[in-house]
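Structural characterization, general
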Amino acid sequence: MTSTFTIAIDGPAGAGKGTLARRLADHYRLNLLDTGLTYRAVAHSLLRLGLPLDNVSAAETAARQVDLAKLDRAVLSAHAVGEAASKVAVIPSVRRILVDKQRAFAKTPPGAVLDGRDIGTVVCPDADVKLYVTASAEVRAKRRLDEIESIGGTANFDEILADIVRRDERDMGRMDSPLKPAADAHLLDTSEMAIEAAFLAAQAIIDDVLAKRNEA
Ligand code: DC
């Protein structure tokens, strides 16, 4: 039997899980899937077609067409696409279609790091390691502001914060697969932790799991 190794990373927008996922995938030579991009791809299709975000059959069609190998981060990373993604992500049938694709990805050897909102709870409940990465809404808003300013943009801290709070409420409050830590997830609060420290903490947790697996 070919064995795979799965690292599930969940948490709210802007907590640093994407960067952490990339570092871990590089370090452990695993495949990487940012599952947020799959919801963004569905939202982007609807926006492009000028369709409402609650058009279930159009969203299902767009979800079936999502090709994990062709997710274009440059196009999908726009802020408006993230907002729209959070809205299409409440549709249960869309989630089922995307979750099937995400599970198939996770099962492909040698395994994967997946980051999102429901990886440890729904997509990969048997993941070898589950991390829940969080940070206060204020810290996440400040990081986003710094990011925007670092590329020469301008933004208003209070508006960003309100946006983050609204997105958290939608992602944590939906009926189907709400954002929450799995019972067996390790919590990493990055409010006062640099990404390097979060990486080292995650590495210690993962190395421990790998050592126990090799002993078995
Ligand atoms: O991580 P992100 O900002 O790219 O995600 C965009 C939206 O997609 C997020 O607000 C909620 C949704 N999402 C989800 O419901 N489940 C996931 N596993 C990943 C993202």
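The present account deals with the structure reproduced in this document. The residue numbers shown here count from 1 along each chain, following its written sequence. Since the coordinates come from a predicted model, pLDDT governs what is reported: local features require at least 70, and pairs of side-chain atoms require 80 or more to be given and counted, while whole-chain, interface and lining totals use all residues. Only hydrogens and water are removed before side-chain values are computed, so all heavy atoms of the structure are retained for them.

**A short note on the overall build of the protein**
Secondary structure assignment for the protein yields ten helices and five strands. Projecting the C-alpha coordinates of the protein onto the three principal axes gives extents of approximately 55 × 40 × 30 Å. Residue burial in the protein is summarised as follows: out of 216 residues, 46% are buried. Residues are treated as being in contact if the distance between any of their heavy atoms lies within 4.5 Å. In the protein, the proportion of contacts linking residues at least 24 apart, taken out of those at least 6 apart, comes to 81%. Per-residue accessibility takes into account occlusion by the displayed protein chains alone, with areas from the Shrake-Rupley method and a 1.4 Å probe. As displayed, the protein has an accessible area near 10900 Å², and 54% of this comes from carbon and sulfur atoms. Computed over 28 positive and 31 negative side-chain charges, the separation of the two mean positions in the protein equals 5 Å. Here a strand is any run of E in DSSP of at least two residues, a helix any run of H or I of at least four, and the numbering for each starts at the N terminus. Any residue under 20% of the maximum accessible area for its type is buried, any over 50% is exposed, and the rest in between are partly exposed; the area is computed with a 1.4 Å probe on protein chains only. Positive charges come from Lys and Arg, negative ones from Asp and Glu, while His and the chain ends are left out of the count. Note on charges: their place is set at NZ of Lys, CZ of Arg, CG of Asp or CD of Glu.

**Focus on the pairing of strand S4 (residues 129-134)**
Regular strands place side chains that alternate from one sheet face to the opposite one. Of all six residues that make up S4, five are buried, and the element is covered over most of its length. In this structure, S4 lies alongside strand S5 (residues 186-189), joined through four bridges in parallel fashion. Residue pairing across strands places Leu 131 opposite His 186, the latter belonging to S5. Any two strands between which DSSP finds at least two bridges are classified as paired.

**Here we look at the site of the ligand**
By convention in these notes, a residue is near a molecule or strand provided one of its non-hydrogen atoms lies within 4 Å of it. Around the ligand sit 15 residues, and of these Arg 40, Arg 95, Asp 118, Asp 171 and Arg 174 come closest. Interatomic distance of 2.9 Å between a side-chain N/O atom of Arg 117 and an oxygen atom of the ligand. N or O atoms within 3.5 Å of each other form a polar contact, as long as, within protein, one can give a hydrogen and the other can take it, and as long as residues adjacent in sequence are counted only when both atoms are side-chain atoms. A distance of 2.8 Å is found between an oxygen atom of the ligand and a side-chain nitrogen or oxygen belonging to Arg 174. Protein contact buries 95% of the 450 Å² of open area that the ligand shows by itself. Listed by contribution, the elements that provide at least two residues to the shell around the ligand are helix H2 (36-49), helix H5 (79-88) and helix H9 (157-173). Its residues assigned to classes, the shell around the ligand comprises three nonpolar, four polar and eight charged. Each residue gets one label: Ala, Val, Leu, Ile, Met, Phe, Trp, Tyr, Cys and Pro are nonpolar, Asp, Glu, Lys and Arg are charged, and the others, such as Gly, are polar.

**Structural notes on the pattern of salt bridges**
Pairing is possible between side chains that carry opposite charge, provided their charged atoms lie close to one another. Whenever Lys or Arg places a side-chain nitrogen within 4 Å of a carboxyl oxygen from Asp or Glu, that contact is recorded as a salt bridge. Counted under the stated rule, the structure contains 14 salt bridges. Ionic pairing is found between Lys 130 and Asp 184, a salt bridge with its closest N-O pair at 3.1 Å. Pair noted here: Lys 130 is in strand S4 and Asp 184 is in the loop between H9 and S5, with a separation of 54 residues, a long-range link. Of the residues examined, Lys 130 reaches a relative accessible area of 6% and is grouped as buried.

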